[in-house]
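Secondary and tertiary structure notes
The lines below spell out each chain.
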Amino acid sequence: MPAFGVWINAIWILFFAGFDAASSSYSEDQCSWRGSGLSQQQGSVEQISLHCSEGTLDWLYPKGALRLTLSPRLPSVAVGPGGSSSGLITACVKPSEQFHGAQLYLERDGVLELLVGDRLESSPPPRVRCFSRLPGERVALFLQATPHQDISRRIASFRYELRGDWTARLSLDSNPISSEEACRPCNNTEILMAVCTSDFVVRGNIRSVVEDDNLRAAVIKVSATRVFRQKYALFTSNSRLTSRGEVRTLLQCGVKPGPGSFLFTGRVHFGEAWLGCAPRYKDFQRAYTIAKAAQQIPCELPVD
């Protein structure tokens, strides 16, 4: 497909730029947008601007084009295997299972890459797609409406998430960092920082590990004996003593169920917990005690 055709019929999602847009279809927090192509003239481009690091876009009956800019306040950098502080920004897009009526492209340095095609009814659910932006680099997404005689059941909908940390790239998609680097155990410094910066910090045991073929991930079923912190209700109580939840990690890491208590930390991506550092709890206690005695702990945690 010629590049000029995409430019004329695309929805542009440009990062870290500002444009004015009408607010009638925005969520109150300016994180999401919902609109209809029926209100657009053929070939027109509606400009939209969102201001969060995560949210949704729902384009009903795609027609014409949209231009969306994102200027979010990114969360703090997480710590874990493969982490760095290079200023790399990772963006992930999760299309809905009923994504129809458009095609989603990534444009980088004038080169277009198809991320999500217009799905047929029999097509499998689209996968999460992630990509990165270096400081100063201009990256765009293009959502191109595809012509259909009947557009009544077509909705191009997706969730987006921008992160300044390594774990966004672990959550799916194509080999962002090596399996060896992603799966190696955290050192003591990384463990102590993960306790302070993670979306969840939980002490618990591994009940079982199952494979999620759609996500290409291992799902760790956790019985939590203590929830120190969680950003969302990831671990819910089933008794006065324990809570249960799930944590995902790469299949290549080969996580197996076994005895012992662990400290699970990590980030939440699209409502799912992804593993960061997970030392045995006794190893964490030892590292925390030594660092606290040396007054080198980055934050306090009420350890047992």
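Residues numbered from 1 in each chain as written. Predicted model: local features only at pLDDT ≥ 70, side-chain atom pairs only at ≥ 80, totals over all residues. Heavy atoms only, no water.

Where an unreviewed UniProt entry is consulted, the protein chain appears under the name Meteorin, with the organism given as Perca flavescens. Looking at the protein chain in UniProt, the text filed under Sequence similarities (unreviewed entry) is "Belongs to the meteorin family." Heading Subcellular location (unreviewed entry) of the UniProt record for the protein chain holds this comment: "Secreted". (UniProt positions renumbered as here; feature names shortened; annotations may be inferred.)

1. Let's talk about the sheet that holds strand 2 (residues 33-36)
A sheet is described by the order of its strands in space; here five strands give the open sequence 2-4-11-6-9, paired in mixed fashion. Sheet topology places strand 2 and strand 9 (129-133) at the edges, where each strand pairs with a single neighbour. In this sheet, neighbouring strand axes are inclined to one another by 15 degrees on average, regardless of whether the strands run parallel or antiparallel. Relative to strand 4 (residues 54-60), strand 2 is paired through four bridges, and the arrangement is parallel. Its bridge partner lying in strand 4, R34 is registered against D58. (Pairing = 2+ DSSP bridges. Helix = DSSP H or I, 4+ residues; strand = E, 2+ residues; numbered from the N terminus. Axes fitted to C-alpha atoms, helices over the stretch in contact; angles between N-to-C directions.)

2. What about the pattern of salt bridges?
Taken as a whole, this structure holds nine salt bridges when the rule is applied. The salt bridge involving R34 is made with D58; its shortest N-O contact spans 3.6 Å. You can see R34 sitting in strand 2 and its partner D58 sitting in strand 4, a full 24 residues away along the chain. R34 sits in the partly exposed class, given a relative accessible area of 47%. Among the residues examined, D58 registers a relative accessible area of 16% and is labelled buried. Residues E272 and R248 are paired through a salt bridge, measuring 3.9 Å at the closest nitrogen-oxygen approach. Of this pair, E272 sits in strand 17 (residues 272-275) while R248 sits in strand 15 (residues 243-250), and the two are 24 residues apart along the sequence. E272 sits in the buried class, given a relative accessible area of 18%. (Salt bridge = Lys/Arg side-chain N within 4 Å of Asp/Glu carboxyl O. Buried < 20%, exposed > 50% of the residue type's maximum accessible area, 1.4 Å probe, protein only.)

3. Concerning the state of the cysteines
Under the criterion given, the structure shown has five disulfides. Between the sulfur of C31 and that of C52 lies a disulfide, 1.9 Å long from S to S. With the S-S bond torsion at -65 degrees, the cross-link from C31 to C52 turns out left-handed. You can see C31 sitting in the loop between strand 1 (12-15) and strand 2 and its partner C52 sitting in the loop between strand 3 (45-50) and strand 4, a full 21 residues away along the chain. By the burial criterion, C31 is buried, and C52 matches it. A sulfur-sulfur separation of 2.0 Å characterises the disulfide bridge that pairs C196 with C299. Its torsion about the S-S bond being -100 degrees, the disulfide of C196 and C299 is classed as left-handed. (Disulfide = S-S within 2.5 Å.)

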